[in-house]
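Listed below, chain by chain, are the residues.
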Amino acid sequence: NAGVTQTPKFQVLKTGQSMTLQCAQDMNHEYMSWYRQDPGMGLRLIHYSVGAGITDQGEVPNGYNVSRSTTEDFPLRLLSAAPSQTSVYFCASRPGVSSGNTIYFGEGSWLTVV
Amino acid sequence: AQSVTQLDSQVPVFEEAPVELRCNYSSSVSVYLFWYVQYPNQGLQLLLKYLSGSTLVKGINGFEAEFNKSQTSFHLRKPSVHISDTAEYFCAVSDINTDKLIFGTGTRLQVFP
């Protein structure tokens, strides 16, 4: 059981470059989300999706795009990377629509923008 | 909108001592409350959660938390910590009407021998 899989695990970008962080889950979860983790700031919600074809903004959506064409995949796109986007990114998923259901996290993607 | 405050950024304790990690939240509606643990270079895993019912919630690894509605708190406790409990602990809240899970800034628990 793979759970939530994120790729790549490590990435270095130059300012202005674009890239996509991939996230896939094999648990048939309806809800998926992206967080970024920065020292002293905890995890902040970037974007989330409650099902295929539906996405919404979280606390810090600027500079990021998402799409949800399938239940399994929820890629996060950085169109023009900035040093402020240097962070650790976590994808997460949970079953159903109740926010009381347990959320499962991927192992993280370390992104450095120089 | 809801928010979460973890008052202590770091908590150093000696092995076998008790520990309490504090969490306060604010919300105008009923909430679900969670504690997650993050070991170095790993993702987060659920320790325990409060949805409804008994205010004392028991989780994995001997941790428990008590929901106090009047004080809007959900403090995490363990009566005797081990070296292996060294990790970062995050309190999180979601209200029952939204899909967003909001995290606190985390508390680093450091257990010394």
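Just so it is clear, the model here is predicted, and its values are computed rather than measured.

**Digging into the overall build of chain B**
Inference 1: Each helix and strand counted, chain B has zero helices and twelve strands in total.
Inference 2: For chain B, the sequential pattern of α-helices and β-strands runs β-β-β-β-β-β-β-β-β-β-β-β.
Inference 3: Expected size for 113 residues packed as a compact globule is a radius of gyration near 13 Å; at 13 Å, chain B falls within 12% of this value.
Inference 4: Summarising its shape, the C-alpha atoms of chain B cover approximately 45 × 30 × 20 Å along the three principal directions.
Inference 5: Looking at the 113 residues of chain B, the share that counts as buried comes to 46%.
Inference 6: Put simply, of all contacts in chain B between residues at least 6 apart along the chain, 56% involve residues at least 24 apart.
Inference 7: Accessible surface, chain B as shown: approximately 5,400 Å² in total, 50% of it carbon and sulfur.
Inference 8: If the 8 positive side-chain charges of chain B are averaged to one point and the 10 negative ones to another, these points end up 5 Å apart.

**Examining the environment of A:Pro75**
All names here are of chain A.
Inference 1: Mapping Pro75 onto the fold places it in the loop between strand E7 (64-66) and strand E8 (76-78).
Inference 2: The buried category is assigned to Pro75, whose relative accessible area is 10%.
Inference 3: As for Pro75 and Met27, which are separated by 48 residues in sequence, their C-alpha atoms are 16 Å apart.
Inference 4: Among residues more than four places away in sequence, those in contact with Pro75 are Thr20, Leu21, Gln22, Trp34, Asn65, Val66 and Ser67.

**Notes on the state of the cysteines**
Inference 1: In total, this model carries two disulfides over all chains according to the counting rule given.
Inference 2: A:Cys23 shares a disulfide with A:Cys91; S-S distance 1.8 Å. Every disulfide takes its handedness from the sign of the S-S torsion; for A:Cys23 and A:Cys91 that torsion is -75°, giving left-handed. A residue pair is termed long-range when its members are at least 10 positions apart, and A:Cys23 in strand E3 (residues 19-25) and A:Cys91 in strand E9 (residues 87-94) qualify at 68 residues. We note that A:Cys23, like A:Cys91, is buried.
Inference 3: B:Cys23 shares a disulfide with B:Cys91; S-S distance 1.9 Å. Taking the sign of the S-S torsion, about -65° here, the bridge from B:Cys23 to B:Cys91 comes out left-handed. Of this pair, B:Cys23 sits in the loop between strand E3 (19-21) and strand E4 (24-26) while B:Cys91 sits in strand E10 (residues 87-95), and the two are 68 residues apart along the sequence. As far as the burial class goes, B:Cys23 and B:Cys91 line up, both buried.

Rules and cut-offs
Residues numbered from 1 in each chain as written. Chains lettered and ligands numbered in written order. Predicted model: local features only at pLDDT ≥ 70, side-chain atom pairs only at ≥ 80, totals over all residues. Heavy atoms only, no water. Helix = DSSP H or I, 4+ residues; strand = E, 2+ residues; numbered from the N terminus. Rg over C-alpha atoms; globule rule 2.2 N^0.38 Å. Buried < 20%, exposed > 50% of the residue type's maximum accessible area, 1.4 Å probe, protein only. Contact = heavy atoms within 4.5 Å. Areas by Shrake-Rupley, 256 points an atom, 1.4 Å probe, with all protein chains shown as cover. Lys, Arg positive; Asp, Glu negative; His and termini not counted. Charge placed at Lys NZ, Arg CZ, Asp CG, Glu CD. Disulfide = S-S within 2.5 Å.

Don't take any of this as a statement about function, it's just geometry.
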